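Report on the structure
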Amino acid sequence: MNAAIMPRMSQPLPPLRSICVRLALWMALTALACAILLGYRYADARGQFDADAGTLVRQIAQRVDQHDAHLTSLAAVARFDGADFANFLGVSASVRQYYPRIAEIVLVELAPEPPVSVVPRVLAVSALAALPDAGWSPAMTQASAGIATGRARLAAGRVPGSFRLIKHIPRDPYTVLVFNIDAGQLVAADAVPRPLAWTLAIPDGATTVTTLQGATESEPLRPSRWRLPAMVMTSQLDSPSQPLVLTLRRDARWSELLPVFAVLACALLAAALLAVLRTGQRLRRARRDARLQDQALRLAHAMRVDGLGEMASGIAHELTQPMTALLSQNQAALRLIDGGATANELAPVIRTNIRLVNRAGAILERMRAFVSRRELPLADTDVNAVLQSVVDLCQADLAARGIALQWTSMEVGRAVADAVSLEQVLHNLVRNAAEAMMASDQGRQGATASTAAAAGPGGHGSSATGHGASADPAHWVRLVVRHNDIDNHTDAAITIVVEDNGPGMATDRVEQIFTPFYTTKEGGMGLGLPLCERLMEAMGGRIQVDSVLGQGTRFTLTLKAAA
């Protein structure tokens, strides 16, 4: 398999919660986009409806005004026409021909105060198919009564979808001119390009003429809680004779305002927006990660520089004693040569120098292994031999400072440790104790090194200097080693105690004693004790400190006993 594909295949799938959140966000954005589109298209449809409704209102108003003009003309003709009303019938036929919505024109003579039971006298009828007595009814007689001369009145038509316009003409006896008007023809079929329902009502609160324009193009909407609000407009015609109330309506349909392709487009737009937002989020995260990585690289560089400085300081710190001892030994060798010493007398000095050089090389090797995080070469180590080496290295320096080095040992067996590292730790602790006591100016000078042996069963004591010791030295450093048996040799440990009767430390200083670069000595580096702690941990052991201000300090080293 292509290696370039492997990392992508090994990436974990997004958690279900993240998928659900993204899906919900996508659906919400899709719904928001659909709502915005629906609002825009509804507003546009409302604007179109208002325009179409205005067109219908103007057209109906114009045609209603034409009725008044025709009424006035025919009334004048009927007033002065002969008994046969030939002129009246001719003009009426022309009006009906050019204005087919005026389905019937009737001239009727009534009594001055016609009761409902009085049968009117139809003077003239102009219609496509005239009915006997023009289909006159008592209701028409009642609707025609009481009209002022020259005024007109609206009445319900003889058939649904029509209305009558009745005018009292100045003629004796009481005579009315009646237009029977088909309301459906008030509006041309192509008046508006979109379906529109309108209702024409006589303002008597009871009579309504209804016509649906374009209703055959779509099914009527059924009642539903999810229906969109219909677009409605109501207007009363500004005509003294025909103040008809016009109500216009257009239903808003989901399929028209929000078709399927529009919903799909909104979904795709929402997905694209989410992708853009996701990409922007990833870019911001990438920039942030790059910034953090740059900061981490700079911090790592600073840490490497600090580590190099710490390593250099540690090497200088640890090599100071071997180099000082070498200098002293070489100066002693020069004095012996100046005194005429023989080769046999110089041989111990040269062997000591070789030993110090080897020790310095071992310290450098351990420092390099320690800094490079390599494991120390642990082995079964003779603790007493390591202590003896430390005493041999330190005895001359401590004796010159007037400090007694006391060593109490027992037959403790061997420990799991690195001899060079253990010797380095003990040497640091002994030297720190000596320097602290010299700086305190509390003791007297000139005390000689001595050894106080405290041997138990199977144990032995030895002197650090090989000479007699003062019974109560002013300054002393004590080394004590013992074997701790726990649960029948299970988890057995070797404990080494390095204690002194120096100035001691306050509690706050004890808590920071193993912090790198923290020191209480003038000119100190603050690296010796942190290095001791790290070396003990590398050997699988631990180091602890107890101190009482003005009484002294005790370091306890614990190592695993060898099997």
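Described below are features of the structure shown in this document.

1. Some points on the overall build of the protein
Along its length, the protein carries eleven helices and 17 strands. Here the protein holds 563 residues, and the buried ones make up 38% of them. Long-range pairs, those at least 24 residues apart, make up 66% of the contacts in the protein between residues at least 6 apart in sequence. Accessible surface, the protein as shown: approximately 31300 Å² in total, 58% of it carbon and sulfur.

2. Describing the nonpolar core
Membership of the largest hydrophobic core comes to 49 residues, with the highest contact counts inside it found for Phe88, Leu107, Phe163, Leu177, Phe179 and Leu248. Among the elements that line this core, the one with the most residues is helix α2 (residues 16-80), at 14 residues. Residue contacts for Phe88: discarding those within four places in its chain leaves Leu74, Val77, Ala78, Asp81, Ile105, Leu107, Ala124 and Leu177. In this structure, Val383, Leu398, Ala415 and Ile494 belong to the second largest nonpolar core, which totals 45 residues.

3. So, the side chain of Arg250
In this fold, Arg250 is placed in strand β9 (residues 245-250). On the basis of relative accessible area, Arg250 is assigned to the buried category, the value being 10%. Looking at Arg250, its side chain comes within polar contact range of the side chain of Asp52, at 2.8 Å. Not counting residues up to four positions away in its chain, the partners in contact with Arg250 are Ala45, Gln48, Phe49, Asp52, Arg194, Pro195, Leu196, Ala230 and Met231.

4. Describing the sheet that holds strand β5 (residues 175-182)
Spatially, five strands are ordered β2-β1-β5-β4-β3 in an open sheet, and the strand pairing comes out antiparallel. The strands lining the two open edges of the sheet, one partner per strand, are β2 (121-127) and β3 (152-156). Each strand axis lies, on average, 20° off the axis of its neighbour in the sheet, ignoring direction. In terms of strand pairing, β3 meets strand β4 (residues 162-169) through five bridges, oriented antiparallel. Bridge pairing in β4 links Leu154 to Leu165.

Scoring rules and cut-offs
- Residues numbered from 1 in each chain as written.
- Predicted model: local features only at pLDDT ≥ 70, side-chain atom pairs only at ≥ 80, totals over all residues.
- Heavy atoms only, no water.
- Helix = DSSP H or I, 4+ residues; strand = E, 2+ residues; numbered from the N terminus.
- Buried < 20%, exposed > 50% of the residue type's maximum accessible area, 1.4 Å probe, protein only.
- Contact = heavy atoms within 4.5 Å.
- Areas by Shrake-Rupley, 256 points an atom, 1.4 Å probe, with all protein chains shown as cover.
- Core = buried A, V, L, I, M, F, W, Y, C linked by side-chain atoms within 4.5 Å.
- Polar contact = N/O pair within 3.5 Å; in protein donor to acceptor, adjacent residues only side chain to side chain.
- Pairing = 2+ DSSP bridges.
- Axes fitted to C-alpha atoms, helices over the stretch in contact; angles between N-to-C directions.

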